[in-house]
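Residue-level structure breakdown
Here are the chains, one letter per residue:
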Amino acid sequence: MKKSVSQGGTHHHQNISSQTTISTSGYVELIAYAVLFLTLVTSIFVVNIFLSRQSNEDAAQVYCATRQQRAWQKAQKNLSQTHIAFYTQLPIDSTVREYAAAIRGFDRLNDILKVGGRLMLDEDSVQIAPVVEAQALSALQRLENLWAPARKDLLTLAASATVTDTALLERSLEHTVRRDDAILDASENLIVTLQRTSNERIGQLQTIQVVALVLSLMVFAAMAIRLAVSLRRRDSVIRRNTEEILQQRNQLATEKERVEHLLDDLKNTQSQLIQSEKMASLGQMVAGIAHEVNTPLGFVMNNISIVERNHGILAAALADYRSLDNMLRTGALESLESMLESIAEQMERIEEFELVARTQSTLAESTIGLERIQELITNLKNFSRLDEADVKSVNINDNIDSALMIAANIVKYKADVMKDYAPNLVAECYPAQLNQVFLNLITNAAQAIKERGVIAIKTFTDQSDAVIKISDTGSGIAPENLKKIFEPFFTTKPVGQGTGLGLSIVYKIIERHNGNIDVESVVGSGTTFTIRIPLRQPRKDKSLISGNGSTAIYNIHG
Amino acid sequence: MKRLSDILLVDDEPLMLNSLKGLLEFDYKVHTATSGFAALEVLRQHPIKVVISDERMPEMPGHELLRQVKSISPNTIRVLLTGYADLDSVMKSVNSGEVFRYLNKPCRPDTLRNIVSLGVQIYDRMSSLQKAAAVAAPQVAVNKNIATPDTPKTLPDVLFIGYQAEEVLQLTAKLRDNFLISAAHTIDDAMNILMKKPISVIVSELQLGEYDGLDFLQVVREEQPQAVIIVLTDTADVKMIARAVNELQVFKYLTKPTSEAQIEQVLTDATMKSELYQQKPEMNLQQTAKIVDAKSVPTPSPSLREQLQQAQKQLNKS
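In what follows, the accompanying structure is described. (Residues numbered from 1 in each chain as written. Chains lettered and ligands numbered in written order. Predicted model: local features only at pLDDT ≥ 70, side-chain atom pairs only at ≥ 80, totals over all residues. Heavy atoms only, no water.)

1. Section: the overall build of chain B
Each helix and strand counted, chain B has 12 helices and 12 strands in total. Counting only residues that meet the buried cut, chain B has 51% of its 318 residues in that class. In chain B, 66% of the contacts between residues at least 6 apart in sequence involve partners at least 24 apart. Surface accessibility of chain B: about 14900 Å² in total, with carbon and sulfur atoms responsible for 52%. (Helix = DSSP H or I, 4+ residues; strand = E, 2+ residues; numbered from the N terminus. Buried < 20%, exposed > 50% of the residue type's maximum accessible area, 1.4 Å probe, protein only. Contact = heavy atoms within 4.5 Å. Areas by Shrake-Rupley, 256 points an atom, 1.4 Å probe, with all protein chains shown as cover.)

In C-alpha cells:
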C-alpha cells in the first residue's frame, strides 16, 4: 500500500513540473504574440501617420505647383499689359509691380519645389518638402528647362522699377509669349504628375496598411488559437489533476476504511486474545481443580463400594447369627452343624480381612477424602472471592496458599515449595486480582522448571509495603527478553500455547495496587519476581457513579 | 485353597491405594507401591500378572514405569490409570509402554474389577501357551534354523490406508528394500487388498471418509488378527488414543509429520510383532482378550462387516 502511494506521489510531482513548463512557455509565447501584435498595430499607426503627412506634403506640393502656375499666368498677363501700356504710354507702374511680384513668386515657388521651403498660406506658414519622386522631378526638370533660359531676363526685368530697357522688355515678352503654353503645359504636367505620384504613394501605403492589418489580424487569430489551445491543455491538466486528487481522496477514504477495519480487527483480536487468556487460565484452574478433586473423589467412591460389599458380608453374618440364635431358642437343631460351619467360615473371612476395623478405617479415610474436597472448594471460593468486596484487607499469605492449591497439579510434580512467610501479613488489596497474579507467577515458575526444582515464596513487610518474592530454580529468562516480558503479547511459548498476556495483566494489576513488580533472572539458574504493594491503599475520592470500565480488562474472575 | 493371583497397584496417594486394595483384595494378592521405583522392586520379587499405575507421580511418571515393566516382565498386563493427563504423556504411554488399557480417573469400581480380571486371564493364557510351546520349542527352533538361510526372505506386507499416493511415496521411498508396500486411498481399496493376502503391518489414517477409522480397523483386526496396526494421523486427541488402545490395541499412535527414520523403525518393530503374533497368537492381547472374554472387545458395526463380506463374495466370484 505504502509503495503505491509513493508512486502516486512521484506521478503527481511530474505533472506539476510539466504544468509549470507549459505555463512558462505559454507566457513567453503569449508575450511574443502580444509584442508582435502591438508591433504590427504600432506599425499601422506609424504608416498611417507617415501616410497622412506624406499626403499633406503632396497636397502642399500640388498647391505650390498650382500657385506657381497661377503666378506664371499672372506674370504673363501683367507683362503683356505692361508691354501694351508701355507702347501706349499708359502708366505701367502697377502692372510692372504686379508682374515683378508674380514672376518672383514663380521663381520662389520653383525653388521651393526644388529644394523645399516655407510658404505662407493665408496666415499659416506651410512647410513644403522638395520634390523627390522621379517622375515629378523630371516634370519639374522640364519646367525648369523651359524656365531657365528666360529666368535671367524675366527676373532682371522684375528687378527694375521701371521699364528702361525696351529690348529687355521685348525679350521678356517674347520669352513669355513663346514659352507661355509650354510652361503652362509643363506646370500642368507637374501638377498632374505630383497628383499621380501622390495617388500612387497613397495606394502603396494603403496596400501596406491593409497587409499590416491582415498580418495583425492573423497574429491576433494565431494568438487567440494558441491561447485557446493552451487554455484547453491547461483545462485538461487541471481536470486530470482534479481527477487524480479525487482518486487520491477516494484512495485515502478506502485506506482509512481499511485502517479502521484493521483497527476493529485488532480490537477484536485483542479482546479475543484476552478472552482466550481468560479461558486459558480458567481452563488451567478447572483442570487443576478437577485433578485435585479427582483423587479424593476416586478413593471415596471406591471406599463406598468397599463398605457396601463389607456391609453385605457383615449383614449376611448377622442374618446367619440370627437364624442360629433362633435355632437355639426354638430347639430346631437339625441344621445346627451346617449353620455353625457357615458362621465360622464367615467369621474367618471377617477376621482375616479385619472387616469391622477396616470398614471403620475405610469410612474414616472417606471422611478425609470428603474433607479434602471440602477444603478444595473452600479454597476455590477464597481464590475467586466472588462473594466479597473488591477492595479488602486480607492476609496475603492465605491468598498465596490458595493460589498454590489451585496450581497444585502443576507445581506438585515439578517443584518443592519453600515458604517463608511473615506472620499475619495483612494488606489492603483487590484479593481476587492479587490471587490471579500469584497463580500466574507460580504457574510460570513451575513451567520454567524442566525436571524438578524449588519454588521459594517469601513474604515480608518493608516500611509501609508488603513485599512478596516468588523465586524458581528454572531455566531463567534471557537478558534481551527480560525487559519485554511485561509487554502485552510478548511470549516465548510456541504459537497457540501462550497469549503473551499473562504477565502484562499481572503488571496492570500491580499497577492498580499502586505497587510495582521487578524481575531478576539468571539464565540456567532461575528467576525471582518481587512484588511490592502498599499495606494501605491511598484513599481515593469515591464518586457515586462509576464510569470506569478498566477492571473489565483484567478481572478474569470478576 | 486356591492361590490368588499377584497384582500390583501404583499410586502416589496412599488413600487411593488403600481404596483400590480394598476393592480387589478378596480376589487377588494385592501389592501396592507409592512410587515407580518401589513398584519395580515389587515386580522383581513377585510374579505380577497385572500392574495398574497412576500416570502422574513424582520422580517416575506412569508411562516410564510401564515401559520398564514391559522390559522386565513382558507378559505382565499393563494398565494406565490417570486423571488429568496431558497428550504428551498419553502418547508416550501408548507408544513406549504398550499399555493394555487406558483408564480414566475416577474409574468405576466395576470397570476396574473387570479389567483386572481380564488382564489376569490373558496373562494366564499366555503363560500356559508359552509353557506348552516351550516343551515343543527345541524342535521348532531346529526347523527354523534350517529353514531360514535357504528360503528367500519374503518381504513383510505393509498396507497404508487413507493417504494420498504421493504422501505414501514420499514416506516410503527408502523402505522398498525391506517392505512390500501397498497403498489404499479408500476403505474399498483397502478391503480389496486385505481380501487378497495377509498383511503384516497396517498403517492407517483415522479419518476415512464416511467411516470411523477405528470401527473400520476393528473389522480388519477380526479378519487379519496377525496384522499389527499403527495409527498415523494428524489429530492427536486423548480420547481417540484411549479408544485406539482400548478397542484396537494399536501398536503405535503416531502424529504427522513423521520422519522416514521413525517410520522405518516403527515398521521394523511392528513386523517383528506381527511375526510374534503368528508364531505365538497368545501374545496378541486383543485376540486373547476376545478368547477369554468375548464381551471385553467391542464388535465392529454390522454395516462394515457386511461390506467386508460383500467384498469377499465378489473376490470369490472373480
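2. Side note on a nonpolar patch on the surface
There is a patch of nonpolar side chains on the surface, built from V210, V211, V214, L215 and M218 of chain A and spanning about 430 Å² of accessible area. With respect to the helices, strands and loops of the structure, V211 of chain A is situated in helix α4 (residues 166–330). (Patch = residues over 30% accessible without salt bridge, like charges linked within 9 Å, V, L, I, M, F, W, Y side chains within 5 Å. Salt bridge = Lys/Arg side-chain N within 4 Å of Asp/Glu carboxyl O.)

3. Let's talk about the sheet that holds strand β7 (residues 465–472) of chain A
Remark on secondary structure: sheet strands pair via backbone hydrogen bonds, oriented parallel or antiparallel. Residues and elements named next belong to chain A. Strand order in the open sheet formed by 5 strands is β4-β6-β7-β9-β8, and the pairing between neighbours is mixed. Unpaired on one side and paired on the other, β4 (415–420) and β8 (516–522) mark the two borders of the sheet. The average angle at which neighbouring strand axes cross in this sheet is 15°, direction not considered. Relative to strand β6 (residues 453–462), β4 is paired through 6 bridges, and the arrangement is parallel. Bridge pairing in β6 places M418 opposite A456. Sheet contacts for helix α7 (residues 396–406): β4, β6, β7 and β9 (526–534); angle to β6, the most-contacted strand, approximately 160°. Of the strands in this sheet, β8 and β9 touch helix α11 (residues 502–512), which is tilted by about 140° from β8. (Pairing = 2+ DSSP bridges. Axes fitted to C-alpha atoms, helices over the stretch in contact; angles between N-to-C directions.)

4. Some thoughts on the interface of chain B and chain A
Listed by partner, the interface residues are 21 residues for chain B and 25 residues for chain A. Between chain B and chain A, the buried area comes to about 2200 Å², and carbon and sulfur atoms account for 61% of it. Where chain B touches chain A, the interface holds 2 salt bridges. If you look at where chain B meets chain A, you find 9 residue pairs in polar contact (both at pLDDT 80 or more). Of all the elements, helix α1 (residues 14–24) of chain B adds the most residues to the side of chain B that touches chain A, at 7 residues. Taken together, the residues that form the side of chain B that touches chain A break down as 11 nonpolar, 4 polar and 6 charged. (Buried area = accessible area lost by both parts, 1.4 Å probe. Polar contact = N/O pair within 3.5 Å; in protein donor to acceptor, adjacent residues only side chain to side chain. Nonpolar A, V, L, I, M, F, W, Y, C, P; charged D, E, K, R; others polar.)

5. Looking at the nonpolar core
Among the nonpolar cores identified, the biggest contains 51 residues, and I7, L24, V203, I230 and L267 of chain B are the most heavily contacted of them. Residue contacts for L24 of chain B: discarding those within four places in its chain leaves I7, L9, V30, L112, R113 and V116 of chain B. Core analysis: the second largest hydrophobic core is formed by 49 residues, L434, A466, L501 and I517 of chain A among them. (Core = buried A, V, L, I, M, F, W, Y, C linked by side-chain atoms within 4.5 Å.)

6. Examining unusual backbone geometry
Phi is mostly negative for residues that are not glycine, and the peptide bonds are mostly trans. For the bond running from K105 of chain B to P106 of chain B, omega is -5°, close enough to zero to count as cis. Relative to the helices and strands, P106 of chain B resides in the loop between β5 (101–104) and α5 (109–150). Positive phi outside glycine occurs at E354 of chain A, with the angle close to 45°. For E354 of chain A, the position within the fold is in the loop between α5 (336–352) and α6 (355–384). Exposure remark for E354 of chain A: the relative accessible area of 49% places this residue in the partly exposed category. Of note, the phi angle at Q463 of chain A is positive, near 55°, even though the residue is not glycine. Residue position: Q463 of chain A is located in the loop between β6 and β7.

7. Considerations on the packing of α6 of chain A against helix α9 (residues 431–448) of chain A
Any two packed helices are characterised by the angle at which their axes cross and by the distance between the axes. Residue and element names in this part refer to chain A. Closest axis-to-axis distance for the α6/α9 pair is 7 Å, and the angle between their directions is 110°. With respect to α9, the axis of α6 lies roughly perpendicular. Here N382, F383 and S384 of α6 lie close against α9, whose contacting residues are A432, N435, Q436 and L439. Residue classes in the contact of α6 with α9 are distributed as 3 nonpolar, 4 polar and no charged. (Parallel < 35°, antiparallel > 145°, perpendicular 65-115°, else oblique.)

8. Some details on the sheet that holds β5 of chain B
All names here are of chain B. On the basis of which strands lie adjacent, the open sheet formed by 5 strands has the order β2-β1-β3-β4-β5 and parallel pairing. Each edge of the open sheet is held by one strand with a lone partner, namely β2 (28–33) and β5. Ignoring which end each strand starts from, the neighbouring axes of this sheet average 20° apart. Judged from the 5 bridges that link them, strand β1 (residues 5–10) and strand β3 (residues 48–54) form a sheet pairing that is parallel. Note on β3: the bridge partner recorded for D6 is I48.

9. Points about the environment of V307 of chain A
Residue and element names in this part refer to chain A. In this structure, V307 sits in helix α4. With a relative accessible area of 18%, V307 lands in the buried category. In the structure, V307 is positioned 49 residues away from V356 in sequence and 9.9 Å away in space, judged by C-alpha atoms. Apart from residues no more than four positions distant in its own chain, V307 is found in contact with T359, T362 and L363.

10. Concerning the side chain of S53 of chain B
Residues and elements named next belong to chain B. Residue placement: S53 occurs in strand β3. You can call S53 buried: its relative accessible area is 0%. Discounting chain neighbours no more than four positions away, the residues touching S53 are V10, G62, L65, L66, V79, L80 and L81.

11. Focus: the environment of P156 of chain B
All names here are of chain B. Tracing the chain through its elements places P156 in the loop between α5 and β6 (157–161). Its relative accessible area of 13% is what places P156 among the buried residues. Along the sequence, P156 and L267 sit 111 residues apart, while their C-alpha atoms lie 9.5 Å from each other. Not counting the four nearest positions on each side in its chain, P156 is found in contact with N178, F179, L180, S200 and T271.

Taken by themselves, the reported measurements are silent on function.
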